[in-house]
Amino acid sequence: MLDNKRVLAVIAARGGSKGLPGKNLAEAGGKPVIACSIESAKQSRYIDRLILSSDDSDIIGVAESWGCEAPFVRPKELAGDTARIEDALIHALDALDEEYDYLVLLQATSPLRAAEDIDSCLELCRTTGAPACVSVTRPEKSPYWMYRIGEDGRMQRLLEDGAEHSRRQDLPAIYAVNGAVYVAEVPWFRDYRGFVGAETRAHVMPAERSVDIDERRDLLLLRALLGET
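Residues numbered from 1 in each chain as written. Predicted model: local features only at pLDDT ≥ 70, side-chain atom pairs only at ≥ 80, totals over all residues. Heavy atoms only, no water.

What about the packing of aromatic side chains?
Going by this rule: Centre distance within 6.5 Å is the pairing criterion for rings of Phe, Tyr and Trp, where only the six-membered ring of Trp is used; planes under 30 degrees apart are then read as stacked, over 60 as edge-to-face, and the remainder as tilted. Helical segments are the DSSP runs of H or I of at least four residues, strand segments are the runs of E of at least two, and each set is numbered from the N terminus. Whether a residue is buried, partly exposed or exposed follows from its accessible area with a 1.4 Å probe, protein chains only, as a fraction of its type maximum: under 20%, in between, or over 50%, in that order. Any Lys NZ or Arg CZ found within 6 Å of a ring centre and within 35 degrees of that ring's normal is scored as a charge over the ring.
For the structure on display, the rule yields three aromatic pairs. Aromatic side chains Trp188 and Tyr192 sit 4.7 Å apart centroid to centroid with 20° between the ring planes, which places their arrangement in the stacked category. Placement of the pair is Trp188 and Tyr192 together in helix α5 (residues 186-192), with a separation of four residues, close to one helical turn. For Trp188, a relative accessible area of 21% gives the class partly exposed. Each ring, one from Phe189 and one from Phe195, has its centre 4.9 Å from the other, and the planes form 40°; the classification is tilted. With relative accessibility at 0%, the residue Phe189 sits in the buried group. Within the aromatic cluster, the residues linked to one another by ring pairs are Tyr182, Phe189 and Phe195. For Arg138, the ring lying beneath its charged end belongs to Tyr175, and the centroid distance is 5.6 Å.

Remarks on the sheet that holds strand β1 (residues 7-12)
Keep this limit in mind: Strand pairing requires that DSSP identify at least two bridges connecting the strands. Axis lines are fitted to C-alpha atoms, over the contacting stretch for helices. Their N-to-C directions set the angle, which ranges from 0 to 180 degrees. Any two residues having at least one pair of non-hydrogen atoms within 4.5 Å are treated as being in contact.
In space, the six strands of this open sheet follow the order β4-β1-β5-β9-β6-β10, with mixed pairing throughout. In this open sheet, the two strands that pair with only one neighbour each are β4 (49-53) and β10 (201-204). Here the strands of the sheet are splayed against their neighbours by 25° on average, with no regard to which way each runs. Examined bridge by bridge, β1 and β4 share five bridges and lie parallel to one another. Of the residues in β4, the one forming a bridge with Ile11 is Leu52. Sheet strands touched by helix α1 (residues 33-42): β1, β4 and β5 (102-107). Its angle to β4, the strand with the most contacts, is close to 160°. The sheet strands contacting helix α3 (residues 85-95) are β1, β4 and β5, and the helix crosses β5 at an angle near 130°.

Observations concerning a nonpolar patch on the surface
Condition: Nonpolar side chains (Val, Leu, Ile, Met, Phe, Trp, Tyr) within 5 Å and like charges within 9 Å form the patches, drawn only from residues with over 30% relative accessible area and no salt bridge. Accessible surface is estimated by sampling points in the Shrake-Rupley manner with a 1.4 Å probe; for residues, cover comes only from the protein chains shown. Here, a salt bridge means any side-chain nitrogen of Lys or Arg that lies within 4 Å of a carboxyl oxygen of Asp or Glu.
Together, Tyr147, Ile149 and Met155 make up an exposed nonpolar region whose accessible area comes to about 360 Å². With respect to the secondary-structure elements, Met155 resides in strand β8 (residues 155-157). Classification of Met155 as exposed rests on a relative accessible area of 57%.

Some details on the side chain of Lys31
Under the convention used in this document: Nitrogen and oxygen atoms within 3.5 Å of one another constitute a polar contact, given that in protein one can donate a hydrogen and the other can accept it, and given that sequence-neighbouring residues count only through two side-chain atoms.
The residue Lys31 is located in strand β3 (residues 31-32) in this model. What makes Lys31 buried here is its relative accessible area of 18%. Looking at Lys31, its side chain comes within polar contact range of the side chain of Glu39, at 2.8 Å.

Quick look at the environment of Tyr100
You can see Tyr100 is positioned in the loop between α3 and β5. Exposure remark for Tyr100: the relative accessible area of 5% places this residue in the buried category. With 55 residues separating them in the primary sequence, Tyr100 and Arg45 have C-alpha atoms 16 Å apart. When sequence neighbours within four positions are dropped, the list of residues in contact with Tyr100 reads Arg6, Val7, Leu8, Arg49 and Val186. At 3.4 Å, the side chain of Tyr100 forms a polar contact with the side chain of Arg49. A polar atom in the side chain of Tyr100 sits 2.5 Å from the side chain of Glu98.

Here's the deal with the pairing of β5
Two faces make up the sheet, and in a regular strand the side chains alternate between them. Most of β5 is tucked away, with five of its six residues classed as buried. In this sheet, β5 lies alongside β1 in parallel orientation, the contact comprising six bridges. Across the sheet, the residue bridging to Leu8 is Leu103, located in β5. Two elements, β5 and strand β9 (residues 176-185), share four bridges in a ladder whose sense is antiparallel. Each bridged residue has a counterpart across the sheet, and for Leu103 the counterpart in β9 is Ala184.

Dropping the structure here:
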């Protein structure tokens, strides 16, 4: 609970994955990937209830064995490749008997977030009065050094106003949403159906906690960071 406001955390983990099948249950550090999100959520000072939103019976079974509640099965129409996670979260809110003030989305594919990252996002909402907060990180490559390739094969700068910068340390600070933590006031989320708006605040996370498991190389990186060979 945060200032007498109830906090619901939803771990999102659908079964279908084309990039890396079974990624939510892949082993890393001696446990399934999804278990890392469950553990960090349970260590949060503010989360009142933790639930899973999944369409996959295997994921549900593993999550429950690690102490995560699974009060429903996500409908198939909300779990396909084109389904929006925001719609799945509205479904989760509507499926519960209790009302909550804050919604926290924890994607299972971001296993290295810490409880402090979750709590910092919630605290930023409290201290700034913002309706939402998301976690971000500095990208490895700045978009000021990125190019498009025209139909004639010529390179075109993605951002022209960065042409004068030749050194990394001279580039403007750029951040990318890392997918680890999303927080929003429930009424605002229901109206906006998203997390990133004009009033959204950012919680900066280091690159080493911002691994997002989408492909096999991401899983190999995770295992390396956890000390596996």
